[in-house]
Amino acid sequence: MIYSFKIRLLTIVGLVAVSLVIALGRSFQLQVLEGAHLEKLAQSQQQRTVVLEPKRGRITDRNGRILAISIPVKSLYANPKELESAQQTARILAPRLGLSYHKLKRKLSSKRSFVWLKRRIDPELAKALEKQLPKGIGFVDEFRRYYPQRSEGGQMLGFTGIDSQGLEGLEYQYESLLKGKPQGYIVEKEGTYRTVPLKGYPERPPEQFSLQLTIDSRIQHLTEKHIAQGVIEAQADRGTAIVMDSSSGAILAVASYPGFDPNRYRQFSRAHFLNRAVTSGYEPGSTFKIITLSAALSEGLISVDQNFDCENGEYKVGGHRIRDVKKHQQLSLLQVLKKSSNICAAKIGMRLSPHVFQDYIKNFGFGSRPDSGLAAEAPGKLLPAKKWTAVDHASISFGQGILVSPLQMLVAINVFANRGKLVTPFTVQHAIDASGNSLNQIDPPGGSESYRFGPKESKRIIEPQVADLVREFMISVTQEGGTARRASIEGYQVAGKTGTSQVYDPKLGRYSKTQYVASFGGFTPAKDPRVSILVLIRNPRKSLYGGVVAAPVFREIARKTMLIQKVFPEPSQPNDQESIRVSRND
Amino acid sequence: MEQTFFPNRARSLSGQFRWKYIPAVFWDAMQSFYTMMMLGFLITMGCLFYLWQWMNYRGIAMDVDQLTKQHASQLYRIELLEVEIDYLTRPKRLERLASSLMQLQPPEHPPRFVSLNQVREIQE
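Residues numbered from 1 in each chain as written. Chains lettered and ligands numbered in written order. Predicted model: local features only at pLDDT ≥ 70, side-chain atom pairs only at ≥ 80, totals over all residues. Heavy atoms only, no water.

A. Quick look at the environment of Q400 of chain A. All names here are of chain A. Tracing the backbone shows Q400 in the loop between α15 (390-397) and α16 (406-417). Contact partners of Q400, with chain neighbours within four places excluded, come to E283, S395, T500, S501, Q502 and Y511. At 2.8 Å, the side chain of Q400 and the side chain of E283 are in polar contact. (Helix = DSSP H or I, 4+ residues; strand = E, 2+ residues; numbered from the N terminus. Contact = heavy atoms within 4.5 Å. Polar contact = N/O pair within 3.5 Å; in protein donor to acceptor, adjacent residues only side chain to side chain.)

Put into structure tokens, the structure is as follows:
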């Protein structure tokens, strides 16, 4: 009996001991051997990381008017594994989302656990769908880039892609600043689909920068309007206009026609996206003569009272003929610019040695990027001086055989508005961080190139006396007998220079006889310049001349910009005393 | 005679702590029902307190989460209004409305603002 009891007791003790050993072994296996793996599994079931995508920074004009902003929208996704019936869900959703039934069904039958159904859907549709979402279908909050000014400034601003990445223009140029860095935090999942933030919860939205531009939307609007009118009236292919603050170099407007609406960029071809003010090159033609004249004057090779023989409209250089539009015999230096003689400009340019002339051209900013902050700036093309033939030398003197961007040309013209100082243009006034602080410089971590905003230092490239003299010549261009009478504005003195250049046709291997670029660049008021403007019209068919097609566009832009800037017409100008009104404030 | 946990301890070492006697202290304490009750009570209270704090923390964390989301959504609404204002007051639209509804056109000849002295000079 005792023996039997002992056996039973030992058996029970043994079984308990074996069970304990098994339990301990299993627990060792789970806790130690597979512990790390199981912990990960548990975490994936109980916790998830929520990634806060930073809202892309906004872009505003100089007065704080929004040019580009990200607004919250909803995107619809599906988890096909959780769907009750892909067929039925597709039948319900397809008409509401405007998608084809078969395409949607194919998406919903996918073996993946996440598929996008439609991104950035209409807010009203999202609201309606939210009330009766089938199981396995959900919304994700995303941002959509919106450009409230529509097509105005489109080429300058550029646009973003479906994942809010900058693809063109300033959006691309300042991608790293505008986009910011995503920030994640961990949440624990609860029963009723609720989540509880556990750690790393961000105190404020992830950091990104906003940009305040130097652009003035009002001036941008009138520039776009008048360049469009100018191109249409001249029956031209396209046109570009730039308005710049003369003293600081701040770009007030950049417009190219035809433009595009960045909200609907998919509907336009790539050619519409180009900001031709900085990306494309053209041969400046006669506007370049002011560079030739100032270089020769600075070197003391010509004088104001000198006369030049214009060879009665035709002159031979290196076996090539150079012609003037009108035949001239003897012209003074002022008349050379006023009448825009190619022959005399070539003669003046050829007095300079190629290397010296090239140094002046480079000092005016040609051959290097203007560093304005606009995207895809082209440096232009300047043939090295040692390769210049006599024809090259002569034709560069009157602005052929050299490729410049419209912005480069405007910067060069602006030198005469600043009494010989070259002012670097800029587009971004400052960046604004997430806390609202204005920054003029940002050094991104990782030693990449730092961003600098605002005005830059100007440098003297010609003597003030030379600049003032050329400026007087430029004023005469817009007066009676000049090539740009149509650029003159009642009550304001305008200084400028017209340009009509031939376009090189690579197919023909020579300059086209049908394609021209007509331009006018200048500044006003001439004695105390406030704005410098360049207008360029490509392939005008109504008239070829800058003084006819580009100068009136300049006049309209300049006149209205002056009023916006509260620079009113001066009564002391001759021929302008008829319509004077007395200000009651005075 | 009262039994101690340190029967063979030298007098000179009586104040010195010995780790090896800790289990014995626990065993001694476990002999007492009241001590065990007290210990159990304290542990239970501690657990309850911890649970209470944990629940509080979760509640507050959820409230913060909700408020942050509400705050963000309000900010977005304000921003949307800003965008709407900028869209509605864009120069192109204002010009069109002024032209079509109020028959206003941009000035062809801008107004001149001169002082009375300048007028006198002109008249002379």
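B. Here's a closer look at unusual backbone geometry. Residue and element names in this part refer to chain A. Of the consecutive residues Y257 and P258, the connecting peptide bond is found in the cis state with omega at 0°. Positive phi values are uncommon outside glycine, yet R419 reaches one of about 50°. Within the fold, R419 resides in the loop between α16 and β15 (421-422). Residue class for R419 comes out partly exposed when judged on its relative accessible area of 41%. (Buried < 20%, exposed > 50% of the residue type's maximum accessible area, 1.4 Å probe, protein only.)

C. Local environment of the packing of α16 of chain A against helix α17 (residues 464-477) of chain A. Residue and element names in this part refer to chain A. Two elements in contact, α16 and α17, have axes whose closest approach is 8 Å; the angle formed by their N-to-C orientations is 105°. The pairing of α16 with α17 is recorded here as roughly perpendicular in orientation. Contacts from I413, F416 and A417 of α16 reach α17 at A467, V470, R471 and M474. Taken together, the residues that form the contact of α16 with α17 break down as 6 nonpolar, no polar and 1 charged. (Axes fitted to C-alpha atoms, helices over the stretch in contact; angles between N-to-C directions. Parallel < 35°, antiparallel > 145°, perpendicular 65-115°, else oblique. Nonpolar A, V, L, I, M, F, W, Y, C, P; charged D, E, K, R; others polar.)

D. Representation of the state of the cysteines in the model. Residues and elements named next belong to chain A. Across all of its chains, the model carries 1 disulfide over all chains by this definition. Covalently, C310 is tied to C344 through a disulfide, its sulfur atoms 2.1 Å apart. An S-S torsion of about -115° defines the bridge between C310 and C344 as left-handed. Taken as a pair, C310 in the loop between β11 (307-309) and β12 (314-317) and C344 in helix α13 (residues 342-349) lie far apart in primary sequence, 34 residues in all. (Disulfide = S-S within 2.5 Å.)

E. Seen up close, the pattern of salt bridges. All names here are of chain A. Summed over the entire model, instances satisfying the criterion amount to 27 salt bridges over all chains. With a closest N to O distance of 2.5 Å, R119 and E142 form a salt bridge. In this pair, R119 sits in strand β4 (residues 115-121) while E142 sits in strand β5 (residues 137-146), placing the two residues 23 residues apart along the sequence. Across the pair E556 and R559 runs a salt bridge whose closest N-O atoms are separated by 3.0 Å. Within this pair, E556 and its partner R559 are both found in helix α19 (residues 551-564), separated by 3 residues, close to a single helical turn. The exposure class assigned to E556 is buried, which follows from its relative accessible area of 15%. (Salt bridge = Lys/Arg side-chain N within 4 Å of Asp/Glu carboxyl O.)

Purely geometric stuff here, so don't read any function into it on its own.
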